[in-house]
Amino acid sequence: MERTQISLTAEQANRLRRLARRRRTSMAALIREAVDHVHPAEGSADEERWSRAMAVVGAFAGPDKDVARDHDRYLEDAFRS
């Protein structure tokens, strides 16, 4: 392992400490887990899922341009049918 030093706000440090205590693990282990979650290791299953998901972003288009804004109305119409 490679040692590193980070700076956290007092609130972040307290939250991390409480979480580590609840999970019965170290703060360092939680930080490593968070790094892996945000940036999966190359070749990992998480990285593969992320790559596949990103590959379809924008691949589907329809005639309706206001879906993001009016998604509730579209869902209501779909379930009513």
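Cut-offs used in this document
Residues numbered from 1 in each chain as written. Predicted model: local features only at pLDDT ≥ 70, side-chain atom pairs only at ≥ 80, totals over all residues. Heavy atoms only, no water. Helix = DSSP H or I, 4+ residues; strand = E, 2+ residues; numbered from the N terminus. Rg over C-alpha atoms; globule rule 2.2 N^0.38 Å. Buried < 20%, exposed > 50% of the residue type's maximum accessible area, 1.4 Å probe, protein only. Areas by Shrake-Rupley, 256 points an atom, 1.4 Å probe, with all protein chains shown as cover. Lys, Arg positive; Asp, Glu negative; His and termini not counted. Charge placed at Lys NZ, Arg CZ, Asp CG, Glu CD. Salt bridge = Lys/Arg side-chain N within 4 Å of Asp/Glu carboxyl O. 1 Å grid on protein atoms, 1.4 Å probe; cavity = no way out; pocket = protein on both sides within 12 Å on 5 of 7 lines; lining within 4 Å. Points joined across faces, edges and corners; volume = space filled by probe spheres on them. Nonpolar A, V, L, I, M, F, W, Y, C, P; charged D, E, K, R; others polar. pLDDT = per-residue confidence, 0-100. Expected span 1.5 Å × (residues − 1). Arc of directions from axis to C-beta.

Participant: Tell me about the overall build of the protein chain, and please be specific about residues and values.
Facilitator: When helices and strands are counted, the protein chain shows four helices and zero strands. Listing each helix as α and each strand as β along the protein chain from the N terminus yields α-α-α-α. Taken against the 2.2 N^0.38 rule, which gives 12 Å for 81 residues, the C-alpha radius of gyration of the protein chain at 21 Å runs more than 25% over that of a compact globule. Within the protein chain, buried positions represent 7% of all 81 residues. In the structure as shown, the protein chain presents an accessible area of about 7,700 Å², 54% of it carried by carbon and sulfur atoms. Side-chain charges in the protein chain split into 15 positive and 14 negative, and the spacing between the mean points of these groups amounts to 11 Å.

Participant: I'd like a rundown of the pattern of salt bridges, residues and numbers included.
Facilitator: Tallying each qualifying case throughout the model produces six salt bridges. With a closest N to O distance of 3.0 Å, E33 and R23 form a salt bridge. Of the two residues, E33 sits in helix α2 (residues 27-38) while R23 sits in helix α1 (residues 10-23), which places them 10 residues apart along the sequence. The class of R23 is partly exposed, set by a relative accessible area of 44%. The salt bridge partner of R73 is D77, with a shortest N-O separation of 4.0 Å. Remark: D77 and R73 occur in helix α4 (residues 67-80); sequence separation between them is four residues, near one turn of the helix. Of the residues examined, R73 reaches a relative accessible area of 40% and is grouped as partly exposed. Linked by salt bridges that have partners in common, R69, D70, R73, E76, D77 and R80 make up one network.

Participant: How would you sum up the layout of surface pockets? Please name residues and give values.
Facilitator: Its volume calculated, the largest pocket comes out at about 400 Å³. M1, E2, R3, T4, Q5, I6, M27, A28, I31, R32 and V35 are the residues that line the largest pocket. Residues belonging to the lining of the largest pocket are distributed by class as follows: six nonpolar, two polar and three charged.

Participant: Give a description of the confidence of the model for the protein chain that names residues and reports values.
Facilitator: Of all residues in the protein chain, 100% have pLDDT values of 70 or greater, and the mean over the chain is 88. Ranking the elements of the protein chain by mean pLDDT puts helix α3 (residues 45-55) last with 83 and α1 first with 97.

Participant: I'd love a proper account of α1, names of residues and values included.
Facilitator: In a regular helix each residue adds 1.5 Å, so 14 residues correspond to 20 Å; α1 covers 20 Å between its end C-alpha atoms and thus fits that length. Among the residues of α1, those classed as buried are A13, L16 and A20. Projection of α1 onto a plane perpendicular to its axis shows the buried side chains occupying an angular sector of 65°, all on one side. Facing away from the buried side of α1 by more than 90 degrees, the exposed set consists of A10, R21 and R22. Directly after α1, the chain includes R24, whose backbone phi takes a positive value near 55°.

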